[in-house]
Amino acid sequence: MSALGWAIADGWTITRRTLTHWRMQPGLMLFSWFFPVLMLLIFGSLLGGAMEFPEGESYYELLVPGIFALTMLFGLEGTMTAVTQDKDKGVTDRFRSLPMSSAAVVLGRCMADMLDTLVALAVLVATGLALGWRWHEGLPSALAAFGLLLLLRFALLWVGIFIGLSAKNAESLTVVQVLVWPIGFLSSTFVATSTMPDWLGTIAQWSPLSATATASRTLFGNPDASTTTTWIGSHSVLMAVIAPLVLTAIFLPLSAHRYRTLSR
């Protein structure tokens, strides 16, 4: 078997380990899949009445793609926690001592988390459709939007793996997990950045989360005032590709180096 084939086979073995954890802890997994749905329902009810949209449009047209993007960010917490727990319990060191591909542990984590993201995204799409959200630019454009969302999640996977491997213990992740929330809110997830004060809107516009949320709305055909009022908004699809690629280019090699030097 080639080195790549060996890595994929061993990585799938690690992925199956995570899938077994899902089967043993169904309540935890259901919560992680339906928590974004709860966010969608809460913020749709709290903010929807205060938003003004043209006849025939609703706040969910803006909110649903934003929650899609926010879910990609929230997945970061699960990645960090799982990686840190395995490291603290010695599971990662045990895997490294076995006759298996050195890339299998990280690759298995990536495959498992991407599968988790696909399930969460499917649940959200079904909920959004039930609430009246629709895409209006055809199926190919919608698939491109989902592809950008998964690209962001893939990039954030490496951020989570690096932080998880670098954290001293699970307790030290608390600070990072708390910061995930303001990062998520400081974006175009819930409102267009054009409605914010200029200085705050500028910061929010350059968030990779905003780029993906705005690009998704563009591809879905959903309203977002940022696409016509700012340069980055009008080039959101391009930025939604570049930003995750930059994150991956930075954190993938950092994660690989941290994994190789884990015992030092």
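Residues numbered from 1 in each chain as written. Predicted model: local features only at pLDDT ≥ 70, side-chain atom pairs only at ≥ 80, totals over all residues. Heavy atoms only, no water.

- The name recorded for the protein in an unreviewed UniProt entry is Transport permease protein, from Kribbella albertanoniae.
- On record in UniProt, under Sequence similarities (unreviewed entry), the comment for the protein is "Belongs to the ABC-2 integral membrane protein family." (UniProt positions renumbered as here; feature names shortened; annotations may be inferred.)

1. A closer look at the side chain of Thr-84
Item 1. With respect to the helices and strands, Thr-84 occurs in helix 3 (residues 59-88).
Item 2. Residue Thr-84 is classed as buried on the basis of its relative accessible area of 0%.
Item 3. Residue contacts for Thr-84: discarding those within four places in its chain leaves Gly-164, Ala-167, Asn-169, Ala-170 and Leu-173. (Helix = DSSP H or I, 4+ residues; strand = E, 2+ residues; numbered from the N terminus. Buried < 20%, exposed > 50% of the residue type's maximum accessible area, 1.4 Å probe, protein only. Contact = heavy atoms within 4.5 Å.)

2. What about the packing of aromatic side chains?
Item 1. Scanning the model with the defined rule gives 18 aromatic pairs in all.
Item 2. Ring centres of Phe-35 and Trp-181 lie 6.1 Å apart, and the angle between their planes is 80°; on these two criteria the pair is classed as edge-to-face. Taken together, the residues span a long stretch of sequence, with Phe-35 in helix 2 (residues 26-48) and Trp-181 in helix 7 (residues 173-185) at a distance of 146 residues.
Item 3. What makes Phe-35 partly exposed here is its relative accessible area of 22%.
Item 4. Trp-181 gets classed as partly exposed once you look at its relative accessible area, which sits at 30%.
Item 5. In this structure an aromatic cluster arises from ring pairing among Phe-31, Phe-35, Phe-43, Phe-74, Trp-181, Phe-185 and Phe-190. (Phe/Tyr/Trp six-rings, centres within 6.5 Å; stacked < 30°, edge-to-face > 60°.)

3. Examining the nonpolar core
Item 1. Counting 59 residues, the largest nonpolar core has Leu-63, Ile-67, Phe-68, Leu-70, Phe-146 and Phe-190 as its most contacted members.
Item 2. Those elements giving two or more residues to this core turn out to be helix 2, helix 3, helix 5 (104-130), helix 6 (139-166), helix 7, helix 9 (208-220) and helix 12 (236-260).
Item 3. Among the elements that take part in this core, helix 3 stands out by supplying 15 residues, more than any other. (Core = buried A, V, L, I, M, F, W, Y, C linked by side-chain atoms within 4.5 Å.)

4. A short note on the packing of helix 6 against helix 9
A pair of packed helices is characterised by two quantities: the angle between their axes and the separation of those axes.
Item 1. At a minimum axis separation of 8 Å, helix 6 and helix 9 run at an interaxial angle of 170°. Considering the angle they form, helix 6 stands roughly antiparallel to helix 9. Side by side, helix 6 and helix 9 meet where Ser-141, Ala-142, Ala-144, Ala-145, Phe-146, Leu-148, Leu-149 and Leu-152 of the first sit next to Pro-208, Leu-209, Thr-212, Ala-215, Ser-216, Leu-219 and Phe-220 of the second. (Axes fitted to C-alpha atoms, helices over the stretch in contact; angles between N-to-C directions. Parallel < 35°, antiparallel > 145°, perpendicular 65-115°, else oblique.)

5. Structural notes on a nonpolar patch on the surface
Item 1. On the surface, a nonpolar cluster with roughly 390 Å² of combined accessible area is contributed by Leu-238, Ile-242, Val-246, Ile-250 and Leu-254.
Item 2. Mapping Ile-242 onto the fold places it in helix 12.
Item 3. On the basis of relative accessibility, which here comes to 38%, the residue Ile-242 falls in the partly exposed class. (Patch = residues over 30% accessible without salt bridge, like charges linked within 9 Å, V, L, I, M, F, W, Y side chains within 5 Å. Areas by Shrake-Rupley, 256 points an atom, 1.4 Å probe, with all protein chains shown as cover. Salt bridge = Lys/Arg side-chain N within 4 Å of Asp/Glu carboxyl O.)

6. Brief notes about the UniProt feature "transmembrane region" (unreviewed entry) in the protein
Item 1. The UniProt entry lists residues 27-50, 62-83, 104-131, 143-165, 172-192 and 232-254 under the feature "transmembrane region" (unreviewed entry), expressed in the numbering used here.
Item 2. Here residues 143-165 runs as 100% helix and 0% strand, with 33 Å between its end C-alpha atoms.
Item 3. Segment residues 232-254 splits into 96% helix and 0% strand. End C-alpha atoms: 28 Å apart.

7. Comments concerning the pattern of salt bridges
Item 1. Inspection of the entire model under this criterion finds 4 salt bridges.
Item 2. Measuring nitrogen to oxygen at the nearest pair gives 2.8 Å for the salt bridge that ties Arg-109 to Asp-113. Here the residue Arg-109 and the residue Asp-113 both occupy positions in helix 5, the gap between them amounting to 4 residues, near one helical turn.
Item 3. For Arg-109, a relative accessible area of 13% translates into the label buried.
Item 4. A network of salt bridges, in which partner residues are shared, links Arg-109, Asp-113 and Arg-153.

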